Structures are given as structure tokens and as C-alpha cells.
Amino acid sequence: MTEAERFVRRNRERRHMFPRALLVGLLAGAAAVGFHLGMDAGEAWRARLQDYAHGYGVPGLAVAAAASALSVFLAAWLVERFAPEAAGSGIPQVKAVLMGLRGFRWARVLVVKFLSGLIGIGGGLALGREGPTVQMGGAVAEGMATTCSASPDERRALIAAGAGAGLAAAFNAPLSGLIFVLEELRERCSSPVFFAAAVACVAADTVCRLALGELPAFRVEIPGTPSLTTLPVFVGLGISCGLLGVAFNRALLVVQRLHPDRPGPRKVFWLGWGGSVGLVGWLAPDLLGGGQGLVGRILDGEASLELSRVALYFAARFALTIGSYATGAAGGIFAPILLLGALLGLGSGMLIQQMAPVLSVEPRVFAVAGMAALFTGVVQAPLTGVVLMIEMTGNYALILPLLAACFAAQAVTARLHDLPIYEALLEWELSGSRARRSR
């Protein structure tokens, strides 16, 4: 086939793919908007319940803990009973579908993911909405491919595009959605996949901006571009984030393996963890849910946290995220990672301010860099981390500190031979499936 013939063929494929990818993006964006609004309502409900319960002392605490326990139980039970493949983030499951390792019950996953995420995260689980929107975007695309009798290659391209659109819609970040598809798919990302993902991400982001507003997710006012002399400090932050990213991945996998196999102990764990979440919400409500509200206050400069409290919040949120993911309810780890990175970066900036005031560092800049670097340490997608922070803050001036921190974190994870979290979770799920079949 000549180059001219290949060019004509590619154009024909794109014309054929364009309306389907556009519709996938619009539907994924609509699903993300509905999920976003539902999550906001759930957060508001939990805040009202906590305010009401505080007026009744110990009985009120018991009511708040019972409400969280019931929410977590119901969210986890929905997944286990109707769609086990909707558990957790959903990104490893989408990767398995794209690799041809499992089928996709798209309608069931779409409904269960939506309901479980709203109930569980609304009840206080320390999980994010981006994993569910990624899997829901993939489910919408699978439904489209099934309806249109798409070829296997076109089906995979649409599912990848829908997943990227789900991420773009979760954060109002279309380029991040596209780059995430490229980094996660690696060599499996062909020209049709890239084209479909680009169209779907733009369409999904347009829907979200029309429905939810066009402002960036976070507002960060920085007096100037960070000096080049501070780049070594950002490299140090990246190294710390790489080490903590490896620790997060290994802790998450260890707790997944310790999760009870038998139904009775598993249900007791759901209720116990839900009650614990309610207790934490009684003491520190900022630590529950996706955490974007706390991140926003940190970057706005509204959250006046002492260094000791930053460390306490980081440790508590680390444990809450690991335990919440172990319940099996629908919920992602993107947003929790970003909160952990913001706390780590903020604490590092405050510490440097105290120990080396001559550097004139701005802790909020370190918070942004910490978000991208810890994301890189866990997911090992540095370009996604950099672009995500630029899109979420609307601040291109941070490009060099972000690159320095992210690639330092990536170097640490490579040196320690740590698998990206979604690949590690996929391997764990596949090995668990083989073990169950062998029994």
C-alpha cells in the first residue's frame, strides 16, 4: 500500500469514527455531570447530618457512625451482588477489557458504578469520582460499539476514548484525558485510538464546562515564576513522592490481599469500616470524601494548617484511602492521591520556609508540585501528572518545577522496580480469578 493510499484510508477511518467518538464523549460527559452533581448532593447531605448529630452529643455520634456504616455496607454490597467488575477504581478493569482479557457488561457496570459511588463516597469513603467516571465512560462506549455493531478494533478505540473522556470530564482537563490514554495504553495506542480519544475528550469537557462552569478546578495565585535555583528542592520533593508512592502502592496491595474471602467476615468489615469513617467524620470532616474541597482551600490559602496538623492529616488520609479502597465499593484513587500530594508538598514547603528562609519558597507551589509528583509515584504517568496540574490550576508558570518533581519521582519508582498501581491491581485481580477457578 502506497503512502497516498494509507492517507486516504486513515481519512476514511476518521470520518467513520468521528460521529461515534463525538457521541461517546457527549454521553460520557453527561454521565460525569450527573455523577458530579450527585456527589455534591451526597457531600452536602453528609455535612448536614454531621452538623445535626453534633447537637446531640454521644447519641448523635452513634447516628453519624451508623449512617456511614449503612452507606458503606450498601455501596459494597451493590458491587458484590450485581457487578463485581465495578469494584474500586475501575481503571484496571477497563485495561483488562482493552487487552481482551475479559468482557464488559456495560449496562450493569454503568448503573452499579454510579449508585455505589454516590452512596459510598457520599457516606464518607475516602475515594474519588474520577475512577468511576473513567469506567462509566468506557461503559458508555461499549454500549455504543454494541449498538453500532462496531468491529473489534473500533470497539477498543471507542472504549479507550470513552475512558479518556471520563477522566477529562472529572477534572475539566481534556488534554490530561488524552495523555492518560496514551500513557496507559502505550504501544497499543494506534492512530484511530488517538483520534477517537481526542474527539471524545473535547466533547466530554465541553459538556462539563457548559453544565458546571469554565473555571479551572483550583485557583492558585502565585506572585511569580519559581526561581531556577529552587529546582533542586523540587527534585528532592519528587524523590520523597516517589518513595511514598511506592509505599502507597505496596500498602494498597497488602490490604487487598488481607481482605476477607468469606461473606460473613467481609460484611463485618464493611460495617466496621463504615462506623470508623463516621467517627473520623465526626472529628475531622475534611478528611472524608474525595478531598477536593480541602485541596481547594489549601491552594487558595484558606486552610490555615500547622505543620503538625499537615502531618497528622497526611497519615490519617493515607490510612483512610487504603481502607476505603479495600471495601470494594466504587471509588477512585486519583483524587485521594492528589490530596495526599498536596499535603505532602504543603508540609515540605512549610518546612523549607522554616529551615531555609533564604530560598523564599511558596508552600502552595510545593503543594501543586506534590500533587503531580505523588500521582507520578503511584500511577507512573508523569506527563499526565504535569498536564493535569497545569489544566486544573490554569498556571503554566509551574511547568519546570512540575517536570523536575515528576521525573524525579518516576526515576525513584523505576529504580525500585515498582509496578504502576493499575497494572499491579490488574495482575492481582487476574491472579485472584485464576485461583478461584482452580478451586
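All values reported here derive from a predicted model rather than from experimental measurement.

Reading the values: the criteria
- Residues numbered from 1 in each chain as written.
- Predicted model: local features only at pLDDT ≥ 70, side-chain atom pairs only at ≥ 80, totals over all residues.
- Heavy atoms only, no water.
- Helix = DSSP H or I, 4+ residues; strand = E, 2+ residues; numbered from the N terminus.
- Rg over C-alpha atoms; globule rule 2.2 N^0.38 Å.
- Contact = heavy atoms within 4.5 Å.
- Areas by Shrake-Rupley, 256 points an atom, 1.4 Å probe, with all protein chains shown as cover.
- Lys, Arg positive; Asp, Glu negative; His and termini not counted.
- Charge placed at Lys NZ, Arg CZ, Asp CG, Glu CD.
- Salt bridge = Lys/Arg side-chain N within 4 Å of Asp/Glu carboxyl O.
- Buried < 20%, exposed > 50% of the residue type's maximum accessible area, 1.4 Å probe, protein only.
- Phe/Tyr/Trp six-rings, centres within 6.5 Å; stacked < 30°, edge-to-face > 60°.
- Lys NZ or Arg CZ within 6 Å of the ring centre and 35° of its normal.
- Core = buried A, V, L, I, M, F, W, Y, C linked by side-chain atoms within 4.5 Å.
- Axes fitted to C-alpha atoms, helices over the stretch in contact; angles between N-to-C directions.
- Parallel < 35°, antiparallel > 145°, perpendicular 65-115°, else oblique.
- Left-handed = near helix turned anticlockwise from the far one by under 90°.
- Nonpolar A, V, L, I, M, F, W, Y, C, P; charged D, E, K, R; others polar.
- 1 Å grid on protein atoms, 1.4 Å probe; cavity = no way out; pocket = protein on both sides within 12 Å on 5 of 7 lines; lining within 4 Å.
- Points joined across faces, edges and corners; volume = space filled by probe spheres on them.

1. Considering the overall build of the chain
Piece 1. Of the regular secondary structure elements, the chain holds 17 helices and zero strands.
Piece 2. Taken over C-alpha atoms, the radius of gyration comes to 21 Å for the chain, in line with the 22 Å a tight globule of 439 residues would show.
Piece 3. Pairs at least 24 apart in sequence give 83% of the contacts found in the chain among residues at least 6 apart.
Piece 4. Counting every atom, the chain has about 18200 Å² of accessible surface; 65% of that belongs to carbon and sulfur.
Piece 5. One way to put it: in the chain the 36 positive side-chain charges average out to a point 8 Å from where the 29 negative ones average out.

2. As for the pattern of salt bridges
Piece 1. Across all of its chains, the model carries 12 salt bridges by this definition.
Piece 2. Here Arg46 ties to Glu43 by a salt bridge, and the two come within 2.6 Å at their closest N and O atoms. Placement of both Arg46 and Glu43 in helix H1 (residues 3-54) is noted, with a separation of three residues, approximately one turn of the helix.
Piece 3. Residue Arg46 is classed as buried on the basis of its relative accessible area, which comes to 8%.
Piece 4. Arg105 is the partner of Glu85 in a salt bridge, and the nearest nitrogen-oxygen pair spans 2.8 Å. One end of the pair, Glu85, is in the loop between helix H2 (57-82) and helix H3 (91-98); the other, Arg105, is in the loop between H3 and helix H4 (106-122), with 20 residues separating them in the sequence.
Piece 5. A cluster of three or more residues bridged by salt bridges with shared partners is formed by Glu80, Arg266 and Lys267.

3. What to know about unusual backbone geometry
Piece 1. Phi at Asn172 is positive, roughly 50°, even though this residue is not glycine.
Piece 2. Its location among the elements puts Asn172 in the loop between helix H6 (152-171) and helix H7 (174-185).
Piece 3. Judged by its relative accessible area of 12%, Asn172 falls in the buried class.
Piece 4. Within the chain, His417 stands out as a residue other than glycine whose phi angle is a positive 55°.
Piece 5. When you line up the elements, His417 lands in the loop between helix H16 (399-415) and helix H17 (421-438).
Piece 6. In this structure His417 comes out as exposed when scored by relative accessible area, which is 69%.

4. Re the packing of aromatic side chains
Centre distance and the angle of the planes are the two values used to describe a pair of aromatic rings.
Piece 1. The tally for this structure, following the rule as stated, stands at 13 aromatic pairs.
Piece 2. Note on Phe35 and Phe114: the rings are 5.5 Å apart at their centroids and 65° apart in plane angle, and the pair reads as edge-to-face. You can see Phe35 sitting in helix H1 and its partner Phe114 sitting in helix H4, a full 79 residues away along the chain.
Piece 3. Looking at Phe114, the relative accessible area reads 24%, which means it is partly exposed.
Piece 4. Aromatic side chains Tyr52 and Tyr56 sit 5.0 Å apart centroid to centroid with 45° between the ring planes, which places their arrangement in the tilted category.
Piece 5. Members of the aromatic cluster, joined through ring pairs, are Phe171, Phe180, Phe334, Phe375 and Tyr422.
Piece 6. A cation over an aromatic ring shows up here: Arg81 above the ring of Phe82, its NZ or CZ 5.0 Å from the ring centre.

5. Side note on the nonpolar core
Piece 1. With 120 residues, the main nonpolar core has Phe171, Phe248, Leu299, Val379, Met389 and Leu402 as its most contacted residues.
Piece 2. Those residues in contact with Leu299 that sit more than four places away from it in its chain are Phe218, Arg219, Val220, Arg364, Ala367, Val368 and Met371.

6. With respect to the packing of helix H13 (residues 334-355) against helix H14 (residues 363-379)
Piece 1. Orientation of H13 relative to H14, taken along the N-to-C sense of each, is 135°, at an axis distance of 6 Å. With respect to H14, the axis of H13 lies oblique. Where H13 crosses over H14, the two elements pack in a sense that is right-handed. Where H13 abuts H14, its residues Phe334, Ile337, Leu338, Leu340, Gly341, Ala342, Gly345, Leu346, Gly349, Met350, Ile352 and Gln353 lie against Pro363, Phe366, Ala367, Gly370, Met371, Leu374, Phe375, Val378 and Val379.
Piece 2. In terms of residue class, the contact of H13 with H14 is built from 16 nonpolar, five polar and no charged.

7. Quick look at the layout of surface pockets
Picture a little ball the size of a water molecule; that probe, rolled over the atoms, points out where space is still empty.
Piece 1. When its volume is computed, the second largest pocket comes out at roughly 760 Å³.
Piece 2. Taken together, 32 residues make up the lining of the second largest pocket; nearest its centre are His36, Asp40, Arg129, Gln292 and Gly293.
Piece 3. Among the elements of the structure, H1, H6 and helix H11 (292-300) are those that each provide at least two residues to the lining of the second largest pocket.
Piece 4. Take the lining of the second largest pocket: its biggest share by element is nine residues, from H1.
Piece 5. Among the residues forming the lining of the second largest pocket, the class breakdown is 14 nonpolar, 10 polar and eight charged.

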